[in-house]
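What follows is each chain in one-letter form.
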Amino acid sequence: MTREYVSRCALMLCFALLSANASNWLYLAKLSSVGSIRDEETCERLRGLIQRQVQICKRSVEVMDAVRRGAQLAIDECQYQFRNRRWNCSTLESMPVFGKVVTQGTREAAFVYAISAASVAFAVTRACSSGELEKCGCDHNVHGVSPEGFQWSGCSDNIAYGVAFSQSFVDVRERGKGQSSNRALMNLHNNEAGRKAILSHMRVECKCHGVSGSCEVKTCWKAMPPFRKVGNIIKEKFDGATEVEQRKVGSTKVLVPRNSQFKPHTDEDLVYLDPSPDFCDYDPRTPGMLGTVGRQCNRTSKAIDGCELMCCGRGFQTQEVEVVDRCSCKFHWCCYVKCKQCRKTVEMHTCR
Amino acid sequence: MAGAIIENMSTKKLVIVGVILLLFQAFAFMVGGLIAPSPTAAVHYLATKCVDNVKHRQDSKWFMPWGPNQCDKIRSFDEAMAKHIEANNIVFAVHIPMPYKEMSPWFQFMLVILQFDIAFKMYNQIEDGALVTIDVGLAYRDDTMSEWTEMAHSFEQRKLSCNFTTDKTFDNEGRHYECDLLPFMEVGSVAHKYYLVNIRLPVNERKKVNVGIGEIKDIRLVGIHQNGGFTKVWFAMKTFLTPSIVIIMVWYWRRISMMSRPPVLLEKMILALGISMTFINIPVEWFSIGFNWTWMLLFGDIRQGVFYSMLLSFWIIFCGEHLMDHTERNRISVYWKQVGPIVFGSFCLFIFDMCERGVQLTNPFYSIWASEVGTELAMAFIIVAGICACLYFLFLCFMVFQVFRNISGKRSSLPAMSKARRLHYEGLIFRFKFLMLVTLTCAAMTVIFFIISQVNEGHWHWGEHTVQVNSAFFTGIYGMWNLYVFAIMFLYAPSHKRYGDEQTRDTGASSGEDIQLTTTITHVDGPTEIYKMTGKEAQE
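The model shown is predicted, which means the values in this text are computed figures rather than measured ones.

1. Things to note about the overall build of chain A
Across its full length, chain A carries ten helices and eight strands. Looking at chain A as a whole, 41% of its 352 residues are labelled buried. Summarising the internal contacts of chain A: among those between residues at least 6 apart in sequence, 63% fall at separations of at least 24.

In structure tokens form, the structure reads like this:
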């Protein structure tokens, strides 16, 4: 009883301190100790959710496992896409997950918001397809409320449910603060852009099954792209993101490109408000700003993973390391690899 | 066909008939577009990865992906790696349909597509021409509590045709291959409420089974069935159309048999067209609601095939009988050159269908496309059928061309003819041109709607209403061909009216010619009492 009280107080404190950071729910990915989220009680104990998210959690407890998998997916994909950059999407064991790096309206924050909104839509849709959730797809159909609806006209695509859930769960933080703040506008836009990355890259697949397999009768459906592809798309949008500022058009506030000569951004583009820091040095005042000291770099590359840029001109060390590598492996389609061990020496460059 | 109804009908009546038919046509489209849902539905299933813990497993063990008694699941194969679970102990389980849903006999059929999600790994790539061997079982039950009953079990091979669109480098590891859809299963009736599919991918290195198929991440299935709502609308339509066609058929044949001469080939052909239309119309599918008849799908194909080949033969014979080149035809054997390709082509398609859907009656997982020999055989059948179709259309086009040439030839000599002869030819030309026009319109409509339904998303939003274009296509085109057959039987039935009455007055000018008319054309176009009478009168 007292423990719960204390933890709740801590939770309130957390909200008070970190309410600016809307991607706190990504902390769900780190909650391996909670186990499966099965009952409404657990919702209260989840750190990182705001009150309205807790309400959504209570209303649809069964979806929360998928949300948590989505959070993990977002972090993994972010780390994969940023593996060669100065900021490599490293996470902290405390909240907020990415430290203070994403609390400003930077390009990186735009990416994190987009990928996390997309990952929730993706994970919920997947959970729908594997039969884990009860109220997918069919809820949104005209006839589709009762079992008769399924028998009359089938169900609509699961992606519609996944996206709708992502909209209600991820966007609720920004909606709560009202539409006025420019950060809220930026986050909402980027969340939507992330979901669009899935929606506009759905693959249409068709099967002909008429007389003798002719295309007289053809059934088409939309298949979700693999998440790696979604990550790649959002990364491309990150590279071409537009710097924007808030302006009043009539009574509503909108985001417009800061440089008026640029083309206005579309729904699928990422937008950011503040320029990113250089991420070169460790900054104890900014959690998550780890700097690039000790990072590996590529000596031959001229790009951001090359030693010149990665080490911010501080230079690098070169070591000869003997690595034990696997070679001439035999694979099965799952869970079995038999390899020989090969030793080789490689040059490893690390930033000073 | 002495004076078919169409010739003797006044333009006003003809327009009325046309408008009524058009109204029915519009109604048929609206039934499909507004009442029926889309014809088929596709449901995505992501296979759950179950672990078969028991060393010596019994054959009767089925793995449920969710609900009570669900199997031991793993999320990803990395987890399996850590737990030292082997590939042979992993079972992919899919429950059809989704939780809290039931399948129904109204779905008519169920076909399932298989898709592998395979990640690219530099050292574990898909080999060229890789074959996947799947050990697959299908079970059913009718209430959530009872045991699963096995329906089919089989070892199947499928050819993986995947390509990797980006460079094969370390940087691109983890991207997925793009794989073609694989045919998985086809069941001709959905008699049970719940189905369960268990798939294993056994590995045997010695026999090279399932080696070199890349790193499989997931198995996805897509289940396709006919929508229950569409089935109901379809049945209702068939039940309404059957008596209409039967009644007009009986009426038509009574008219024919009332005549003093035996029916000619064209009249028999029209009757045959009516019979094949009725054959397709009779709603025997009602039985599929009560009985588990898996052959219904195959039977439906056969019925459609019979109708199509009858329609094609009818066009050829109709053209042939209107050639007006003074040759005696009136026998089906004269048309062997044109009808031959139809019969042979549809026979090829029948054999192909028997090889695919016929075998599926015993093994729902069978696919003729899965094996090398089967693919070649199937392609051979389809190509031969295609060649037959081309041959047929060449013949048909040539015949139509001949008819038009003869028509223009006759047209120049029309004014010089006697009244009876002129009326006769004008009747022939009018009948031919009318059918030509109607047929071309129907064919064009079919093609246009087919293209629209292929290109379109399947439904249009029209204000608050959703128009199901695909359903409208099916019901509209089906209704259209029914109306086509109906109209032919009605309009080309022999008429009671005698247009000899007005002719008798001024036939004096044309004498000797009419005798020739009776001898040359009667056989082609039926002996005409009127012409004989007028001829005689004129002679006297």
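2. Overview of the overall build of chain B
On a plain count of helices and strands, chain B comes out with 14 helices and 14 strands. Burial status across chain B gives 40% buried among its 540 residues. Intrachain contacts of chain B at a sequence separation of at least 6 include 83% that bridge at least 24 residues.

3. Here we look at the packing of helix H2 (residues 11-35) of chain B against helix H11 (residues 469-491) of chain B
All names here are of chain B. At a minimum axis separation of 6 Å, H2 and H11 run at an interaxial angle of 155 degrees. Our classification of the angle between H2 and H11 gives roughly antiparallel. Crossing geometry of H2 relative to H11 is assigned as right-handed. Together, Leu21, Phe24, Gln25, Ala28, Phe29, Val31, Gly32 and Gly33 of H2 and Val469, Ser471, Ala472, Phe474, Thr475, Gly476, Gly479, Met480, Leu483 and Ala487 of H11 make up the contact between the two elements. Along the lines of polarity and charge, the residues of the contact of H2 with H11 split into eleven nonpolar, seven polar and no charged.

4. A closer look at the nonpolar core
Core analysis: the biggest nonpolar cluster contains 68 residues, and Ala110, Ala114, Ala118 and Val124 of chain A have the highest contact counts within it. If you list the elements that add at least two residues to this core, you get helix H4 (61-81), helix H5 (107-129), helix H7 (158-176), helix H8 (182-199), helix H9 (227-239) and strand E5 (271-272) of chain A. Top element by residues in this core is H5 of chain A. It accounts for 16 residues. Cys388, Phe395, Phe474 and Met480 of chain B belong to the second-largest nonpolar core, a separate cluster that totals 66 residues.

5. Things to note about the UniProt feature "transmembrane region" (unreviewed entry) in chain B
All names here are of chain B. Mapped onto this structure's residue numbering, the UniProt feature "transmembrane region" (unreviewed entry) falls at residues 233-253, 265-286, 306-323, 335-352, 377-407, 428-452 and 472-493. Helix makes up 89% of residues 306-323 and strand 0%, whereas the separation of the span's terminal C-alpha atoms amounts to 26 Å. Measuring from the first to the last C-alpha atom of residues 377-407 gives 45 Å, for a span that is 100% helix and 0% strand.

6. Some details on the pairing of strand E4 (residues 90-96) of chain B
All names here are of chain B. Taking burial as the measure, the seven residues of E4 include seven buried ones, the bulk of the element. The alternating pattern of E4 places Ile90, Phe92, Val94 and Ile96 and Val91, Ala93 and His95 on opposite faces, both of which are buried. One ladder, built from four bridges, connects strand E2 (residues 48-51) with E4; its direction is antiparallel. Pairing of Val51 across the sheet is with Ile90, part of E4. Judged from the six bridges that link them, E4 and strand E11 (residues 194-200) form a sheet pairing that is antiparallel. Looking across to E11, one finds that His95 is bridged to Leu196.

7. Looking at unusual backbone geometry
A cis geometry characterises the amide bond from Ile96 of chain B onward to Pro97 of chain B, with omega recorded as 0 degrees. Secondary-structure assignment places Pro97 of chain B in the loop between E4 and strand E5 (110-119). Within the chain, Cys89 of chain A stands out as a residue other than glycine whose phi angle is a positive 65 degrees. Its identity as a non-glycine residue notwithstanding, His84 of chain B has a phi of 55 degrees, on the positive side.

8. Re the sheet that holds E5 of chain A
Ordered in space as E4-E3-E5 (chain A), the three strands form an open sheet in which the pairing is mixed. Pairing within the sheet leaves two strands with one partner each, and these edge strands are strand E4 (252-257) and E5 of chain A.

9. Points about the confidence of the model for chain B
Caution applies to low-pLDDT parts of the model: their predicted coordinates are not meant to be read in detail. Residue and element names in this part refer to chain B. Averaged over every residue, the pLDDT of chain B is 84; the share at 70 or more is 89%. Averaged pLDDT values for the elements of chain B fall to 37 in helix H13 (residues 513-525) and rise to 94 in E11. Between residues 499-540, whose pLDDT stays under 50, and residues either more than four places distant or in other chains, the model counts 67 contacts. For this predicted complex, the interface confidence reaches an ipTM of 0.84, while the overall pTM sits at 0.84.

10. Points about the interface of chain A and chain B
Between chain A and chain B, the residue contacts involve 35 residues of the former and 57 residues of the latter. Within the residue set of the side of chain A that touches chain B, elements represented by two or more residues are H5, helix H6 (147-153), strand E1 (203-208), strand E2 (218-223) and strand E7 (316-331) of chain A. Element by element, the count of residues in the side of chain A that touches chain B is highest for H6 of chain A, at five residues.

11. Points about the sheet that holds strand E6 (residues 296-297) of chain A
All names here are of chain A. The strand order E6-E8-E7 describes an open sheet built from three strands, whose pairing is antiparallel. Whereas interior strands pair on both sides, the edge strands pair on one side only; in this sheet they are E6 and E7. Here E6 pairs with strand E8 (residues 337-351) via two bridges, running antiparallel. Looking at the pairing, Cys297 lines up with His349 of E8.

12. Describing the packing of helix H8 (residues 336-360) of chain B against helix H9 (residues 372-413) of chain B
Residues and elements named next belong to chain B. The geometry of H8 relative to H9 is characterised by a closest axis approach of 8 Å and an angle of 160 degrees between their N-to-C directions. Considering their axes alone, H8 and H9 lie roughly antiparallel with respect to each other. H9 is crossed by H8, and the crossing has left-handed handedness. In contact with Lys337, Gln338, Pro341, Ile342, Phe344, Gly345, Cys348, Leu349, Ile351 and Phe352 of H8, H9 contributes Ala378, Phe381, Ile382, Val384, Ala385, Cys388, Ala389, Leu391, Tyr392 and Phe395. Taken together, the residues of the contact of H8 with H9 break down into 17 nonpolar, two polar and one charged.

13. Side note on the environment of Thr266 of chain A
All names here are of chain A. Within the element layout of this structure, Thr266 appears in the loop between E4 and E5. The exposure class assigned to Thr266 is exposed, which follows from the 10 C-beta atoms found within 10 Å. Considered as a pair, Thr266 and Arg228 are 38 residues apart in the sequence and their alpha carbons are 22 Å apart.

14. So, the domain arrangement of chain B
All names here are of chain B. What the domain assignment reports for chain B is domain 1 (5-39 + 229-539) and domain 2 (40-226). Contact with domain 1, which involves 22 residues of that partner, is made by 23 residues of domain 2. Of all the secondary structure elements, the ones that give two or more residues to the side of domain 1 that touches domain 2 are helix H4 (228-258), helix H6 (286-290) and helix H7 (296-321). Classifying every residue of the side of domain 1 that touches domain 2 by side-chain character gives 13 nonpolar, eight polar and one charged.

15. Considering the environment of Ser288 of chain B
All names here are of chain B. Note that Ser288 resides in helix H6. Classification of Ser288 by C-beta neighbours within 10 Å gives buried; the count is 26. Sequence separation of Ser288 and Arg422 is 134 residues, and the distance between their C-alpha atoms is 55 Å. Apart from the residues within four sequence positions on either side, Ser288 is in contact with Pro105, Gln108, Ser189, Trp293 and Met296.

16. Quick notes on the confidence of the model for chain A
Residues and elements named next belong to chain A. Per-residue pLDDT for chain A averages 81, and the proportion of residues at 70 or more is 86%. Predicted confidence is poor over residues 1-20, with pLDDT under 50, and the contacts of this stretch with residues over four places away or in other chains come to eight contacts. Within the model, the stretch residues 140-146 combines pLDDT values under 50 with 18 contacts to residues more than four positions away or in other chains.

Each value, and the rule that gives it
Every chain begins its residue count from 1, and numbering advances along the sequence as written. Chain A is the first chain written and ligand 1 is the first ligand written, with later ones labelled in order. Only residues with pLDDT of 70 or above have their local features reported here, since the model is predicted, and side-chain atom pairs are shown and tallied only from 80 upward, although totals for entire chains, interfaces and linings are computed over all residues. Only DSSP runs of H or I with at least four residues qualify as helices, and only runs of E with at least two residues qualify as strands; both kinds are numbered from the N terminus onward. Residue burial here comes from a neighbour count, namely the number of other C-beta atoms, placed from the backbone, that lie within 10 Å of the residue's own C-beta, with 20 or more meaning buried, 12 or fewer meaning exposed, and in between meaning partly exposed. A residue pair is marked as a contact if its C-beta atoms, positioned from the backbone, fall within 7 Å. Working convention: axes come from line fits to C-alpha atoms, limited for helices to the stretch in contact. Angles between N-to-C directions cover 0 to 180 degrees. Comment on the angle field: the value is read as roughly parallel under 35 degrees, roughly antiparallel over 145, roughly perpendicular from 65 to 115, and oblique elsewhere. Should the near helix be turned counterclockwise from the far one by less than a right angle, the crossing is left-handed, whereas a clockwise turn marks it as right-handed. Side-chain classes follow a simple rule in which Ala, Val, Leu, Ile, Met, Phe, Trp, Tyr, Cys and Pro form the nonpolar group, Asp, Glu, Lys and Arg form the charged group, and the remainder, Gly included, forms the polar group. A set of buried residues qualifies as a nonpolar core if it consists of Ala, Val, Leu, Ile, Met, Phe, Trp, Tyr and Cys joined through C-beta atoms within 7 Å. UniProt positions are given in the numbering used here, feature names are shortened, and annotations may be inferred rather than shown by experiment. Should DSSP find at least two bridges between two strands, the strands are taken to pair. Each residue carries a pLDDT value, the predictor's own confidence for that position, ranging from 0 to 100. Either an automatic procedure or a domain database provided the assignment from which the domain bounds are taken.

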